[in-house]
Amino acid sequence: MEGILKNIKLFAKEKEDREAMEQYRGLLRDLELLRAQIERVDSNFNMTTDEDLVESYIYESNALAARYRFLLREAKEQKSRLGNQEFPVGITE
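Residues numbered from 1 in each chain as written. Predicted model: local features only at pLDDT ≥ 70, side-chain atom pairs only at ≥ 80, totals over all residues. Heavy atoms only, no water.

## Considerations on the overall build of the chain
Part 1 of the reasoning: Along the backbone of the chain there are two helices and zero strands.
Part 2 of the reasoning: Each of the 93 residues in the chain was classed as buried or not, and the buried ones make up 17%.
Part 3 of the reasoning: Within the chain, residue pairs in contact and separated by at least 24 positions form 71% of the contacts whose partners lie at least 6 positions apart. (Helix = DSSP H or I, 4+ residues; strand = E, 2+ residues; numbered from the N terminus. Buried < 20%, exposed > 50% of the residue type's maximum accessible area, 1.4 Å probe, protein only. Contact = heavy atoms within 4.5 Å.)

Laid out in structure tokens, this is it:
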């Protein structure tokens, strides 16, 4: 009976680790997409001369930067929760 309980706990821990790794991967994907959005907004900002568009790109850039900082903080926290686990191919620190 004790062996069964130990196996159940081990299975639950492995499932929790897989879910945490998937969450970390999702955060990294979101960060990459957000970085591309920031580059697009910066490019649009540099190419426009209309005052209203300039203002809108400034606000959009600030909002994206705030979201990027939030996701980066979340990714760092998630990575620390994962501890010393090996990261699969394609996941960098």
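There's more to say after this.
## As for a negative patch on the surface
Part 1 of the reasoning: Negative charge collects at one region of the surface, where Asp50, Glu51, Asp52 and Glu55 lie side by side.
Part 2 of the reasoning: Looking at where glutamate 51 falls in the secondary structure, it is placed in helix α2 (residues 51-82). (Patch = residues over 30% accessible without salt bridge, like charges linked within 9 Å, V, L, I, M, F, W, Y side chains within 5 Å. Areas by Shrake-Rupley, 256 points an atom, 1.4 Å probe, with all protein chains shown as cover. Salt bridge = Lys/Arg side-chain N within 4 Å of Asp/Glu carboxyl O. Lys, Arg positive; Asp, Glu negative; His and termini not counted. Charge placed at Lys NZ, Arg CZ, Asp CG, Glu CD.)

## What about the nonpolar core?
Part 1 of the reasoning: Within the largest apolar cluster, 12 residues are counted, these being Ala20, Met21, Tyr24, Leu27, Leu31, Leu34, Val41, Tyr57, Leu64, Leu71, Ala75 and Leu82.
Part 2 of the reasoning: Here the element with the most residues in this core is helix α1 (residues 2-47); it accounts for seven residues. (Core = buried A, V, L, I, M, F, W, Y, C linked by side-chain atoms within 4.5 Å.)

## A look at the pattern of salt bridges
Part 1 of the reasoning: Enumeration according to the criterion identifies three salt bridges in this entry.
Part 2 of the reasoning: The partner of arginine 25 in a salt bridge is glutamate 22, and the shortest N-O contact between them spans 2.4 Å. With a gap of three residues between them, arginine 25 and glutamate 22 both fall in helix α1, about one helical turn apart.
Part 3 of the reasoning: We classify glutamate 22 as partly exposed; its relative accessible area is 41%.
Part 4 of the reasoning: Residue arginine 35 pairs with glutamate 39 through a salt bridge whose shortest N-O separation is 2.4 Å. Placement of both arginine 35 and glutamate 39 in helix α1 is noted, with a separation of four residues, approximately one turn of the helix.
Part 5 of the reasoning: On the accessibility criterion, arginine 35 (32% relative accessible area) is partly exposed.

## Thoughts on the environment of arginine 35
Part 1 of the reasoning: It is 8.6 Å that separates the C-alpha atoms of arginine 35 and leucine 64, two residues lying 29 residues apart in sequence.
Part 2 of the reasoning: Side chain to side chain, arginine 35 and glutamate 39 meet in a polar contact 2.4 Å long. (Polar contact = N/O pair within 3.5 Å; in protein donor to acceptor, adjacent residues only side chain to side chain.)

## Considerations on α2
Part 1 of the reasoning: Taking 1.5 Å as the rise per residue, α2 with 32 residues should run 46 Å; its terminal C-alpha atoms sit 46 Å apart, in good agreement.
Part 2 of the reasoning: Where α2 begins, one side-chain oxygen reaches toward the backbone nitrogen of aspartate 52, 3.0 Å away; that side chain belongs to aspartate 50.
Part 3 of the reasoning: After α2 finishes, the residue glycine 83 shows a positive phi value of roughly 70°. (Expected span 1.5 Å × (residues − 1).)

## Overview of the environment of alanine 75
Part 1 of the reasoning: Here alanine 75 is to be found in helix α2.
Part 2 of the reasoning: For the pair alanine 75 and glutamine 23, spaced 52 residues apart in sequence, the C-alpha to C-alpha distance is 8.7 Å.
Part 3 of the reasoning: Every residue in contact with alanine 75, bar those within four places of it in the chain, is listed here: Tyr24, Leu27 and Leu31.

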